[in-house]
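Given next are the chains, with one letter for each unit.
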Amino acid sequence: MNEPQEDKAGPPLVEAYPVEDKYVDGIGRVEVTGHNVRFVFYTGRPKDGGEYDREIATRVVMPMEQVMPLLTMIVSTPRIFGSLDASQIFKAVSVFGLIH
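A short tour of the structure in this document, coming up. (Residues numbered from 1 in each chain as written. Predicted model: local features only at pLDDT ≥ 70, side-chain atom pairs only at ≥ 80, totals over all residues. Heavy atoms only, no water.)

**Some remarks on a nonpolar patch on the surface**
Point 1. Taken together, the side chains of L70, I74, V75, I80, F81 and L84 make up a nonpolar region of the molecular surface, amounting to roughly 430 Å² of accessible area.
Point 2. Put simply, the parts of the chain that give the nonpolar patch at least two residues each are helix 1 (67–75) and helix 2 (78–81).
Point 3. Per-element accounting of the nonpolar patch gives the leading share, three residues, to helix 1.
Point 4. Inspection of the secondary structure puts I74 in helix 1. (Patch = residues over 30% accessible without salt bridge, like charges linked within 9 Å, V, L, I, M, F, W, Y side chains within 5 Å. Areas by Shrake-Rupley, 256 points an atom, 1.4 Å probe, with all protein chains shown as cover. Salt bridge = Lys/Arg side-chain N within 4 Å of Asp/Glu carboxyl O. Helix = DSSP H or I, 4+ residues; strand = E, 2+ residues; numbered from the N terminus.)

So, in structure tokens, the structure goes:
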């Protein structure tokens with residue numbers, strides 16, 4: 001069992017069994033089903049002609065009420081926030097209907 005990891009949003013996280021890291025190139029779509037949100041992530045595979053096929057790499061399903069804490073955590077992480085364009089953040093947040 002690994003040591004607990006520091007988490008600013010709550011108690012320490014414990015990895016009871018090894019969890020595989022998955023690399024993704026981007027998010028392909030977001031699906032809402034009832035009270036759950038499914039994030040579908042993809043990875044790009046090169047194909048002939050220099051183009052890429054987007055293949056589903058993994059899906060993450062979480063309760064709707066945890067989406068805002070996730071977004072808050074993302075934009076409040078200085079290293080991430082500093083590399084984002086303010087207009088991109090505004091556009092992404094407006095999609096969720098939080099800013100008009």
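**What to know about the pattern of salt bridges**
Point 1. A complete count under the given rule lists five salt bridges for this structure.
Point 2. With a shortest N-O distance of 3.3 Å, E55 and R45 are connected by a salt bridge. Within this pair, whereas E55 is found in strand 3 (residues 52–63), its partner R45 is found in strand 2 (residues 36–46), the two being separated by ten residues in sequence.
Point 3. The network of salt bridges with shared partners includes R29, E31 and R38.

Remember, this is a structural readout, not a statement about activity or role.
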